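Now for the letters of each chain:
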Amino acid sequence: MTEQANQKHAAARGPRPQMPVVAVVLAAGFGTRLDPGHPKQLLEVGGKAVISWSVEAFERHPAVTDIVVVVNPQVRAQIEGLLGSCTKLRMVISGGSNRADSTVEALQALASAGIPEEAKILIHDAVRPFVNARTIDACIEALDEFNAATAAVKSTDTVLLGRDLGEGTVVGSVPDRGRTFRAQTPQAFRFHTIRSAYDRAAHDPDFQATDDTRAVLEFMPDEMVTIVAGDETNIKITRPEDLLYAERIAASLDGEDVKRQAMEEMHQMLASALGQ
């Protein structure tokens, strides 16, 4: 078949369907150390709920096709109200008793919806409101080469691994600082990889995951998890002082939004002028 015939044959088949890129935002926690009356994901930063910042980061990203939000049933109505204008939101589902259970609930919902095995899944903590497009880009692109990836930043502090003595803790070892990182989210996976990891983890009653890469590392040891560059502003809001830092980040992003909007308006004006 000639090259021209190949092109005509491909055109007749039509464009290849886009592989889904699904952002799963975990917002089922109900930690109240910051404010006993409100879960962290509903606290306001920069005049906006924390979860709104997180979901909007994926809503704006052109490569993300779908968003799933996992919530605590007690605040489901409030979160659905906040996210009502999100055009990529496909499901709001109830989470489990811990983080790993919430991830499993999301994976089961996606499987029931018929998501392809090769789909790219980005799992993100709702209480990391300032994830940026560069980090999301890096996670998505990493899955072209690997089946698992995590955002992380290099540790600038020396990390100590403790050893429990029963009545206290002593230093067990000091890893090389150049090889230590602070994990962030998103953590990204091909759907078949993260689902297989949690299917295997289900047979281990002692398994407790504080993040999703651990499931892959423990139960799929032949699967490498690549590290992509996170960002120092991609903070996790946990303590009162985190809120103060978050307000400063939000204020700085307001200025970036103004500049971005001005650039978009200028591009629209130029496109209009060139079209005349």
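Here we summarise the structure given alongside this text. (Residues numbered from 1 in each chain as written. Predicted model: local features only at pLDDT ≥ 70, side-chain atom pairs only at ≥ 80, totals over all residues. Heavy atoms only, no water.)

Things to note about the overall build of the chain
Note the threshold: Under the DSSP-based scheme used, a helix requires at least four consecutive residues in state H or I and a strand at least two consecutive residues in state E, with every element numbered from the N terminus. Burial here depends on accessible area, computed with a 1.4 Å probe over protein chains only, as a share of the maximum for the residue type. Under 20% is buried, over 50% is exposed, and the range in between is partly exposed. For accessible areas, the Shrake-Rupley method is used with a probe of radius 1.4 Å. Any residue's cover is judged against the shown protein chains and nothing else.
Helix and strand counts for the chain stand at 8 helices and 11 strands. Within the chain, the fraction of its 276 residues that count as buried is 42%. On the chain, roughly 15600 Å² of surface is accessible, and the fraction owed to carbon and sulfur atoms is 52%.

Side note on a nonpolar patch on the surface
Cut-off, in case you're wondering: Patch membership requires more than 30% relative accessible area and the absence of a salt bridge. Residues of like charge join within 9 Å; the nonpolar side chains Val, Leu, Ile, Met, Phe, Trp and Tyr join within 5 Å. Take a side-chain nitrogen of Lys or Arg and a carboxyl oxygen of Asp or Glu: if they are within 4 Å of each other, that pair is a salt bridge.
Together, Leu160, Val171 and Val174 line one region of the surface with nonpolar side chains, adding up to about 280 Å² of accessible area. For Val171, the position within the fold is in strand β9 (residues 169–173). A relative accessible area of 49% means that Val171 is categorised as partly exposed.

What to know about the nonpolar core
Quick note on the threshold: Only buried residues count toward a nonpolar core, which is a set of Ala, Val, Leu, Ile, Met, Phe, Trp, Tyr and Cys residues joined through side-chain atoms within 4.5 Å.
Membership of the largest hydrophobic core comes to 31 residues, with the highest contact counts inside it found for Ile51, Phe58, Val64, Ile67, Val69 and Leu122. Elements supplying a minimum of two residues to this core: β1 (21–27), α2 (50–60), β4 (66–71), α5 (133–142) and β7 (148–154).

Section: the pairing of β9
To keep it simple, the criterion reads: Two strands qualify as a pair provided that DSSP identifies no fewer than 2 bridges between them.
Bridging between strand β8 (residues 161–164) and β9 involves 4 bridges; their strand directions are antiparallel. When the sheet's bridge partners are listed, Leu161 is paired in β9 with Ser173. In this antiparallel pair of consecutive strands, β8 and β9, the connection spans 4 residues, and Gly166 shows a positive phi of 95°.

Observations concerning the packing of aromatic side chains
Within a pair of aromatic rings, the relevant descriptors are the distance that separates the centres and the angle that separates the planes. Test applied: Pairing of aromatic rings covers Phe, Tyr and Trp, the last counted by its six-membered ring, and requires centre-to-centre distances within 6.5 Å; plane angles under 30 degrees mean stacked, over 60 mean edge-to-face, and any other angle means tilted.
In the structure shown here, the tally under the stated rule is 3 aromatic pairs. With 6.5 Å between their ring centres and 70° between their planes, Tyr198 and Phe207 make a pair best called edge-to-face. Like Phe207, Tyr198 is buried. Clustering of aromatic rings is evident, with ring pairs tying together Tyr198, Phe207 and Phe219.

Some remarks on unusual backbone geometry
With an omega dihedral of 15°, the bond running from Thr185 to Pro186 counts as a cis peptide bond. In this fold, Pro186 is placed in strand β10 (residues 181–190).

Observations regarding the sheet that holds β4
Applicable threshold: To obtain each axis, a line is fitted to C-alpha atoms, and for helices this fit is confined to the stretch in contact; angles are then taken between N-to-C directions over 0 to 180 degrees. In this description, contact between two residues means that some pair of their heavy atoms is separated by no more than 4.5 Å.
With mixed pairing, the 7 strands of this open sheet are ordered in space as β5-β4-β1-β6-β10-β7-β11. With partners counted over all chains shown, the strands left at the sheet margins are β5 (89–94) and β11 (226–229), one partner each. Along the sheet, successive strands turn relative to each other by an average axial angle of 25°, direction set aside. As defined by bridge partners, β1 adjoins β4 across 6 bridges and the pair is classed as parallel. For Val22, the partnering residue across the bridge sits in β4 and is Asp66. Across the sheet, helix α6 (residues 191–201) touches β6 (120–125) and β10, and the angle it forms with β10 is around 110°.

Re the packing of helix α4 (residues 99–112) against α6
Applied cut-off: Between 65 and 115 degrees an angle is taken as roughly perpendicular, under 35 as roughly parallel, over 145 as roughly antiparallel, and anywhere else as oblique. Each crossing gets its hand from how the near helix is turned against the far one by less than a right angle, where anticlockwise is left-handed and clockwise is right-handed. For this scheme, ten residues count as nonpolar: Ala, Val, Leu, Ile, Met, Phe, Trp, Tyr, Cys and Pro. Four count as charged, namely Asp, Glu, Lys and Arg, and the remainder, Gly too, count as polar.
One way to put it is that α4 packs onto α6 with a least axis distance of 11 Å and a crossing angle of 130°. Of the possible angle classes, the one that applies to α4 and α6 is oblique. Classified by chirality, the crossing of α6 by α4 is left-handed. Contacts between α4 and α6 involve Ala100, Thr103, Val104, Leu107, Leu110 and Ala111 from the first element and Phe191, Ile194, Arg195 and Tyr198 from the second. Of the residues assigned to the contact of α4 with α6, the class counts are 8 nonpolar, 1 polar and 1 charged.

Regarding α6
The periodicity of an α-helix, 3.6 residues per turn, causes residues three or four places apart in sequence to face the same way. Every buried residue belonging to α6 is among Phe191, Thr193, Ile194, Ala197, Tyr198 and Ala201, and all of these are buried. Along its buried surface, α6 packs onto α4, β6, β10 and α7 (213–219).

Some words on the side chain of Ser54
Our working definition: Here a polar contact means two N or O atoms within 3.5 Å. Within protein one must be a hydrogen donor candidate and the other an acceptor candidate, and residues neighboring in sequence count only if both atoms are side-chain atoms.
Relative to the helices and strands, Ser54 resides in helix α2. Polar side-chain contacts of Ser54 include one of 3.4 Å to the backbone oxygen of Arg128. For Ser54, the contacting residues outside a window of four places in its chain are His124, Asp125, Ala126, Arg128 and Pro129.

Comments concerning the pattern of salt bridges
Scanning all chains against the criterion turns up 13 salt bridges. Linking Asp212 and Arg99 is a salt bridge whose minimum nitrogen-to-oxygen distance equals 2.7 Å. Here Arg99 lies in helix α4 and Asp212 lies in the loop between α6 and α7, a separation of 113 residues in the sequence. Given the relative accessible area of 19%, Arg99 is considered buried. The partner of Glu241 in a salt bridge is Arg239, with the nearest N and O atoms 3.7 Å apart. Note on Arg239: relative accessible area 45%, which makes it partly exposed. Put simply, Arg99, Asp125, Arg128 and Asp212 are held in one network by salt bridges that share partners.

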